[in-house]
Amino acid sequence: MPRVKIDFAAPALPKQGTLVLFVGDDLVLPQIGKAKWPAEFDAAVKKAAAAEGFKGKPKSTLVLSAPAGLEADKVIIAGTGKVEDRAKADPVMLGGAIKGALGKAKHATILFTGPKGFNETPEAAAHFALGLRLRAYSFDRYKSKKDDDAPKGDLAVTIATQDPAAAKKIWSAESGVADGVELARDLVNEPPNVLYPAEFGRRAAELEKLGVDVEILDGKKLEKIGMRALLGVGQGSERDSRVAIMRWNGAKKGSKDKPIAFIGKGVCFDTGGISIKPAGGMEDMKGDMAGAACVVGLMHALAARKAKVDAIGVIGLVENMPDGNAQRPGDIVTSLSGQTIEIINTDAEGRLVLADILWYTKDRFKPQFMIDLATLTGAIMVALGQDNAGLFSNNDELAERLTKAGQETGEHVWRMPLGKAYDKMIDSKFADMKNTGGRFGGAITAAQFLQRFVEDVPWAHLDIAGTAMGSPSSDINQSWSSGWGVRLLDRLVRDHYEAE
Ligand code: BES
Ligand code: MN
Ligand code: ZN
């Protein structure tokens with residue numbers, strides 16, 4: 001994948017490459033320090049705008065090749081509309097859109113300044129860079145012939161801004177978030193013959209390079225601990241199950257705050273098991289580890305930007321396969337909590353994995369809160385589509401904070417109900433509970449199941465089946481996998497859980 005190299009500098013006109021500048025609906029060119037635009041360039045812009053009917057509307061661009069009076073090879077004039085439009089504009093999205101407009105460019109200078117109301121703070125400049133990076137992501141590791149239309153070689157971008165030093169500093173943290181999102185996308189895009197539980201564990205262990213402590217528990221160890229609900233899911237697979245525990249200790253020594261914990265469903269492939277899924281689209285189930293991928297991406301982001309918090313990531317890595325040793329409908333397993341579970345449908349496996357790691361995390365780490373992420377149910381896609389993840393929580397404050405972080409990052413969550421009447425739906429004739437709740441409220445009964453393993457720890461469950469993969473292309477994502485949740489949770493941590 002071509003890389004984007006980002007640098008920040010004071011506003012100046014480039015001697016080569018593509019120049020990007022922003023105008024409002026009055027088409028007035030932005031100022032570049034004390035320098036003046038050459039008169040012939042000004043005239044060329046007016047003429048081109050008239051010829052193309054360019055009105056400076058948001059998301060519209062006017063392109064001039066070999067622009068008169070400038071040394072740049074090409075100029076892209078990007079519309080930002082009216083003052084009100086600019087106030088609403090998200091710099092991350094703008095960065096993505098501009099990367100799209102840059103296409104195959106190898107060298108670009110962005111004049112990150114503009115008409116009244118254009119957000120040109122150092123934060124905005126760094127967020128713009130984040131958008132550029134996210135848009136540039138592609139997963140082409142397994143293409144032996146590269147696509148003719150795809151950009152080749154790296155793109156060097158200079159973002160010209162009033163306070164380049166401040167922007168650079170913010171970007172040094174923000175680029176860690178970009179790396180985390182890319183890592184999560186990579187993990188979800190990887191094929192399931194490459195990324196099986198042990199290999200996923202090794203990828204998680206690479207976080208040690210950033211100072212994260214990583215512990216990998218193999219099947220034998222999990223057996224000893226008593227994670228039978230998790231192990232039951234993997235017992236039809238040739239590939240041994242794993243649990244990976246990642247610890248980032250970024251809080252000050254002696255801090256009395258309890259750690260925060262993130263838990264991810266890592267079903268490296270979900271065939272459904274004996275309750276096997278239909279063939280059509282089954283290949284998408286390589287992405288059934290997106291929750292775990294998000295947790296790894298988040299831990300990467302927190303460590304890379306040296307977040308001042310103690311954070312724990314726990315992921316359950318299994319492969320759900322049918323074979324002679326596979327779990328059967330009707331089996332009863334004893335979970336780590338001691339509660340027994342009757343398996344009704346072996347395709348409702350994610351909750352079995354989460355049940356044991358939620359309980360384990362709660363017992364071992366006594367966290368301030370637990371947030372789990374899981375591609376848990378098809379039902380959440382029926383309910384919410386692809387623009388909102390389902391949010392279930394036993395804690396209003398945590399739910400509100402997540403909702404706000406969702407609005408800030410564009411990774412939206414929508415709160416769904418929990419309650420006794422739903423909980424009853426998973427009572428079992430033969431065991432303490434069963435792993436499905438019938439046809440109605442499928443995403444809710446799945447969440448109710450999880451809630452039986454968290455006791456009173458503040459907890460939120462994010463059902464990301466609709467948001468993590470197969471996402472529609474956007475200004476900041478063109479890949480099958482979105483890396484959804486890394487930016488959301490990074491923002492949540494920044495806004496509420498880091499020491500000053
Ligand atoms: N991994 C699936 C859920 C899923 C479906 C994620 C489509 C992404 C896209 C999960 O393990 C599953 O199979 N859930 C079942 C539960 C049912 C058997 C109670 C479902 O949603 O159909
Ligand atoms: Mn399943
Ligand atoms: Zn699944």
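In this report, we go over the structure that sits alongside the text. (Residues numbered from 1 in each chain as written. Chains lettered and ligands numbered in written order. Predicted model: local features only at pLDDT ≥ 70, side-chain atom pairs only at ≥ 80, totals over all residues. Heavy atoms only, no water.)

A few words on the sheet that holds strand 9 (residues 260–270). Spatially, the 8 strands line up as an open sheet ordered 7-8-10-9-13-17-14-15, and their pairing is mixed. Edge strands, defined here as strands with exactly one partner in the open sheet, are strand 7 (213–218) and strand 15 (412–415). Averaged over all pairs of adjacent strands, the angle between their axes in this sheet comes to 20 degrees, without regard to strand direction. Where strand 13 (residues 369–374) lies against strand 17 (residues 459–463), 5 bridges are found, and the strand directions are parallel. (Pairing = 2+ DSSP bridges. Helix = DSSP H or I, 4+ residues; strand = E, 2+ residues; numbered from the N terminus. Axes fitted to C-alpha atoms, helices over the stretch in contact; angles between N-to-C directions.)

Once that is clear, we can look at the packing of aromatic side chains. For the structure shown, the criterion picks out 10 aromatic pairs. Note on F22 and F112: the rings are 6.3 Å apart at their centroids and 90 degrees apart in plane angle, and the pair reads as edge-to-face. Note that F22 is positioned in strand 2 (residues 18–23) and F112 in the loop between strand 5 (107–111) and helix 4 (122–136), a separation of 90 residues in sequence. Assigned by exposure class, F22 and F112 land together as buried. Plain terms: the ring middles of F139 and Y142 are 5.9 Å apart, the flat faces sit at 45 degrees to each other, and that makes the pair tilted. When its relative accessible area of 47% is taken as the criterion, Y142 is described as partly exposed. Here the aromatic residues F22, F112, F118 and F128 are joined through ring pairs into a cluster of three or more. Just above the ring of W480 sits the side chain of K286; from NZ or CZ to the centre is 5.4 Å. The lysine or arginine in question, K362, covers the ring of W359, its NZ or CZ lying 3.5 Å from the ring centre. (Phe/Tyr/Trp six-rings, centres within 6.5 Å; stacked < 30°, edge-to-face > 60°. Buried < 20%, exposed > 50% of the residue type's maximum accessible area, 1.4 Å probe, protein only. Lys NZ or Arg CZ within 6 Å of the ring centre and 35° of its normal.)

Before going further, it helps to spend a moment on unusual backbone geometry. Positive phi values are uncommon outside glycine, yet L27 reaches one of about 60 degrees. You can see L27 is positioned in the loop between strand 2 and helix 1 (39–52). For K59, which is not glycine, the phi dihedral falls at a positive 75 degrees. Along the chain, K59 turns up in the loop between helix 1 and strand 3 (61–65). Residue classification places K59 among the exposed residues on the basis of a relative accessible area of 63%.

Let us now look at the nonpolar core. Membership of the largest hydrophobic core comes to 86 residues, with the highest contact counts inside it found for I159, F200, M246, I315, I371, L462 and L489. Here the element with the most residues in this core is helix 9 (residues 290–304); it accounts for 11 residues. Core analysis: the next-biggest nonpolar cluster, separate from the first, contains 39 residues, V233, V243, V333 and I357 among them. (Core = buried A, V, L, I, M, F, W, Y, C linked by side-chain atoms within 4.5 Å.)

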